[in-house]
Amino acid sequence: MDLSSKDSDKVDTLMGLMTLTEKIGQLNLMAAGEGLLTGARQPTSLAERLADGQVGAIFGTKSLATARAMQERALAGSRLGIPLFFAEDVIHGHRTVFPLNIGLACSWDMDLIAATSAFAAAEAAAEGLHQVYAPMIDISRDARWGRVAEGPGEDPLLAARIATAAVRGFQGNDPGGKGRVAACLKHFVAYGAPDSGRDYDNASLAWEDLLTIYLPPFAAGVAAGAASVMVAFNAVNKLPMHANAPLIEGWLRAGTGFDGLVVSDYTGVAELTAHGLGRAPVAVARALHAGVDMDMVGEDYLRELPGLAETGVAAPDAGIALSAVEITALIDRACRRVLRFKQKLGLLEDPFRRMERAARPPARAKGRALARKAAARAAVLLKNDGLLPLSPKARVALIGPFAADRANMLGTWAVSGRADDVTPLHEAVAALTGRLPALAWGANIVDESWLVERLNVHGVTVQQDPRPEAEILAEALAAAAAAEVIVAAVGEAKEHAGESSSRLSPDLPAPQQRLVAALAQTGKPLVVVVFAGRPLALGAVAEQADALLYAWHGGVAGPEGVADLLFGAAIPSGRLAVTLPAHPGEVPSTYAAEPTGRPSPGRFAKFRTGWLDLPDDAPRFPFGFGLNFGDVLYGPPRLSRSRARAGQTVTLQIEITNTSARAAIETVQLYASDPVARITRPRRWLIDFRQVPLGPGESRVLRFRVTADQFSYPLAPSLQDAEWVRDPGEIHLHIGANSRDTQRTELTWMD
Ligand code: BGC
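Keep in mind that this is a model prediction, so the values were computed, not measured. (Residues numbered from 1 in each chain as written. Predicted model: local features only at pLDDT ≥ 70, side-chain atom pairs only at ≥ 80, totals over all residues. Heavy atoms only, no water.)

Comments concerning the overall build of the chain
Thought 1: The secondary structure content of the chain amounts to 21 helices and 29 strands.
Thought 2: By the compact-globule yardstick of 27 Å for 751 residues, the chain fits well, its C-alpha radius of gyration being 27 Å.
Thought 3: By principal-axis analysis of the C-alpha atoms, the chain measures approximately 75 × 65 × 45 Å.
Thought 4: Taking the intrachain contacts of the chain between residues at least 6 apart in sequence as the baseline, contacts between residues at least 24 apart amount to 76%.
Thought 5: For the chain, the accessible area works out to roughly 27,800 Å², and carbon and sulfur atoms hold 52% of it.
Thought 6: If you average the places of the 75 positive and of the 82 negative side-chain charges in the chain, the two averages end up 5 Å apart. (Helix = DSSP H or I, 4+ residues; strand = E, 2+ residues; numbered from the N terminus. Rg over C-alpha atoms; globule rule 2.2 N^0.38 Å. Contact = heavy atoms within 4.5 Å. Areas by Shrake-Rupley, 256 points an atom, 1.4 Å probe, with all protein chains shown as cover. Lys, Arg positive; Asp, Glu negative; His and termini not counted. Charge placed at Lys NZ, Arg CZ, Asp CG, Glu CD.)

Next up, the structure:
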């Protein structure tokens, strides 16, 4: 069939011509894996599937040549010439690896996030990719969960803005446009709220929480035009997401109007059986019925749907009964969505769109410059006793397992990144200051040998220093003794965070805690830089350091961004997108917790909400926190009116002044709280923020619009019965530099 003809709707035409087998083939989403058609190991099952027209899309092709070869095979194997589309995990950059998403979130800079997404899209598109499995917009408030690294942090408003910015960056105005790709919002939904922080575990939460915390980023991503969504592995309130019709076909499609493609996660359909939802045919019927259009890797659709389309399914124990006719209609529904997606990407007109042999990725140097800027913007300055920025003349000892590290800087989910592209910290410092700092390993990345073994299971090697700890430490202290300033580069290995990498105790590995304590004992000025994939409870380290910089895993130019901040070539502007707890046992934690009847009044009161063995004033760093090199002063906030009708807009005005001689980038944050409501509401929640550059001594007046709809909330005995309400009465507005240090004004809604 000539798919390039412009007349009639191609999707309708194709649907009319396709056999059931061909339709089912379109729902099969395969991994390129070992089956590279340009490699030596063909034919593989993938090659056979392609020859039989049994593949709808492939993810993980690692080159344009591979994608082209697979497309040629697919076209040859498809009676109607239906092309594949190609996808990839482009999570925080593609070949040019940007900081982890949690780090990008800490930039609070939506233009930057759009720019890094756009650059990644251009690199991916040049390799013949059409879809990226991003943005990952799972809110998480649990530092134990390893995938905090990939996400936007703990706050729904910040995450929603990030979703919008990322979709804008990936797709532009057209996901099929030049240098653009289709975004795939994931993981739908509440994947970031697993029980006890264990990856893949289920989420049990109030429907109100689902509606106000976990769903808003998806609503924002859909509103921004995201072309696809990936379903999460977990169950939400007892119903696994791959069978969750009320959330997929209900909230997502009927509720938000989403009309794109829904894909499963990796073998997520097959996993319904382990969830206890029935054997393969039943599980498949449930997933298809729930609205999962494509089946990733498991091939359960391919195996089971032909039979189901003949017999239908009746499984009273699993609560599902669908006739053969109904199953056939569901297959049509899913197939039509796959074809529409291909049409949207322009593939029905030109299967080789984007695959011109001359396709050029964007200039790598441009990406590196963006990555360096992003790394500096992602790092959060948590403490600075006047030590930073350092003089380039200072004699520095750079100590710790990350002082000369490349591979860990890429962080988790950097599938196309290369460690060789990373400039390690010692070289970045040398390039800025003109001399190589004294270097010492100082401590091991992990202490327990079983953990090293575990981390090594998947073929990764966590580099350790085999010498006894006392010897490693002695060398570090000798390097420190000869220096004027110590910079300790500590943190987590990249394998510590990521998928299936939850940690029971999210803190700095013990040998590194001992290293920092020993370095502090020297009395030399001590800068601690933390490279990590999650918010770590820093405990005593926060007190021992004279300056503390939280740099995450910053990507190919991560260490250069850090060096820029250490020596004042960049100014710190990062703000925590997630709370840094005082103690690992404190998680999950969030600034937006609900009040209790027994709040914490002080450290000696026993009958309070808290822990016996954790003082209330333990050093934790709140959401939104981050320092500049100098001080920014907030004037008194003023409201345009203190009483308003629901239809009116109130303006909150505030003047901020940079009182220092250094430039600053301030992120002014506006929070709200509702002292009297029908149900208990968060202590406060973010309703707006604005990022402003301030020259030395500069003042700026900012105005925030406040409207009544920012104060509606759901009452939700169930998802279907959720009702959004808004009450008249007093609300409080809190404005400041982070979620804790704010000034309050009051406003009354008269109706
Ligand atoms: C992850 C997804 C990812 C997929 C494909 C899964 O294990 O949960 O985030 O997109 O694999 O690599």
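Focus on the packing of aromatic side chains
Thought 1: Inspection of the entire model under this criterion finds 18 aromatic pairs.
Thought 2: Where Phe188 meets Trp251, the ring centres are 5.9 Å apart and the plane angle is 25°; that geometry is what we call stacked. One end of the pair, Phe188, is in strand S5 (residues 184-188); the other, Trp251, is in helix H10 (residues 245-256), and 63 residues separate them in sequence. The same class applies to Phe188 and to Trp251, which are both buried.
Thought 3: Look at Tyr591 and Tyr671: their rings are 5.4 Å apart centre to centre, the planes differ by 75°, and that puts the pair in the edge-to-face class. (Phe/Tyr/Trp six-rings, centres within 6.5 Å; stacked < 30°, edge-to-face > 60°. Buried < 20%, exposed > 50% of the residue type's maximum accessible area, 1.4 Å probe, protein only.)

What to know about the pattern of salt bridges
Thought 1: Inspection of the entire model under this criterion finds 42 salt bridges.
Thought 2: Here Asp142 ties to Arg144 by a salt bridge, and the two come within 2.8 Å at their closest N and O atoms.
Thought 3: For Asp142, a relative accessible area of 6% puts it in the buried group.
Thought 4: What makes Arg144 buried here is its relative accessible area of 16%. (Salt bridge = Lys/Arg side-chain N within 4 Å of Asp/Glu carboxyl O.)

Structural notes on the side chain of Gln512
Thought 1: Inspection of the secondary structure assignment puts Gln512 in helix H19 (residues 510-521).
Thought 2: Polar contacts involving the side chain of Gln512 include one to the main-chain carbonyl oxygen of Ile445, which spans 3.1 Å.
Thought 3: Discounting residues that sit within four places of it in the chain, Gln512 has contacts with Pro401, Phe402, Ala443, Asn444, Ile445, Val490 and Gly491. (Polar contact = N/O pair within 3.5 Å; in protein donor to acceptor, adjacent residues only side chain to side chain.)

Digging into the sheet that holds strand S21 (residues 643-644)
Thought 1: The strand order S21-S29-S28-S23-S24 describes an open sheet built from five strands, whose pairing is mixed. Sheet topology places S21 and strand S24 (685-694) at the edges, where each strand pairs with a single neighbour.
Thought 2: Here strand S23 (residues 664-673) pairs with strand S28 (residues 729-736) via five bridges, running antiparallel. Each bridged residue has a counterpart across the sheet, and for Gln669 the counterpart in S28 is Gly736. (Pairing = 2+ DSSP bridges.)

Details of the sheet that holds S5
Thought 1: Spatially, S5-S6-S9 is the arrangement adopted by the three strands of the open sheet, whose pairing is parallel. The outermost strands of the open sheet, each flanked by one partner alone, are S5 and strand S9 (261-263). Pairs of neighbouring strands in the sheet enclose a mean axial angle of 25°, with direction left out of account.
Thought 2: Bridge analysis of S5 against strand S6 (residues 228-231) gives three bridges, and the strand direction is parallel. (Axes fitted to C-alpha atoms, helices over the stretch in contact; angles between N-to-C directions.)

Digging into the site of the ligand
Thought 1: Neighbouring residues of the ligand: 13 residues in total, closest Asp89, Arg147, Lys186, His187 and Asp265.
Thought 2: Arg147 places a side-chain nitrogen or oxygen 2.8 Å from an oxygen atom of the ligand.
Thought 3: Separating an oxygen atom of the ligand from a side-chain N or O atom of His187 is a distance of 2.7 Å.
Thought 4: Bound to the protein, the ligand loses 94% of the 310 Å² it would expose on its own.
Thought 5: For the shell around the ligand, the class distribution of residues is seven nonpolar, one polar and five charged. (Near = heavy atom within 4 Å. Nonpolar A, V, L, I, M, F, W, Y, C, P; charged D, E, K, R; others polar.)

Digging into the confidence of the model for the chain
Interpretation of the predicted coordinates at a detailed level should be avoided for regions scoring low in pLDDT.
Thought 1: Looking at the chain as a whole, the pLDDT averages 94, with 96% of positions reaching at least 70.
Thought 2: Per-residue pLDDT stays below 50 along residues 35-43; that stretch engages in 16 contacts with residues further than four places along the chain or on separate chains. (pLDDT = per-residue confidence, 0-100.)

A short note on the state of the cysteines
Thought 1: Considering all chains together, one arrives at zero disulfides under this definition.
Thought 2: You can see Cys184 has no disulfide; the closest cysteine sulfur is in Cys335, sitting 18 Å from it. (Disulfide = S-S within 2.5 Å.)

A few points about the environment of Leu566
Thought 1: Looking at the secondary structure, you find Leu566 in helix H21 (residues 558-566).
Thought 2: When its relative accessible area of 0% is taken as the criterion, Leu566 is described as buried.
Thought 3: Those residues in contact with Leu566 that lie beyond four places of it in its chain are Leu388, Pro389, Leu390, Val487, Val527, Val529 and Leu549.

Side note on the environment of Pro535
Thought 1: Looking at the secondary structure, you find Pro535 in the loop between strand S17 (526-531) and helix H20 (541-544).
Thought 2: Assessed through its relative accessible area of 1%, Pro535 is described here as buried.
Thought 3: Excluding residues that lie within four positions of it along the chain, Pro535 makes contacts with Ala143, Val148, Pro506, Tyr550, Trp552, Val578, Thr579, Leu580 and Pro581.

A short note on the pairing of strand S1 (residues 28-31)
Thought 1: Alignment of S1 against strand S10 (residues 295-296), held across two bridges, turns out to be parallel. Paired with Leu29 across the bridge in S10 is Met296.
Thought 2: Relative to strand S2 (residues 57-59), S1 runs parallel, the two being bridged by three bridges. Among the inter-strand pairings, Ala31 is bridged to a residue of S2, identified as Phe59.

What to know about unusual backbone geometry
Thought 1: A cis geometry characterises the amide bond from Lys186 onward to His187, with omega recorded as -5°.
Thought 2: For His187, the position within the fold is in strand S5.
Thought 3: Omega for the bond connecting Val587 with Pro588 falls within 30 degrees of zero, at -5°, which places this linkage in the cis form.
Thought 4: Along the chain, Pro588 turns up in the loop between H21 and strand S19 (632-634).
Thought 5: One non-glycine residue, Trp413, adopts positive backbone phi at about 50°.
Thought 6: For Trp413, the location among the structural elements is in the loop between strand S14 (396-399) and helix H16 (425-433).

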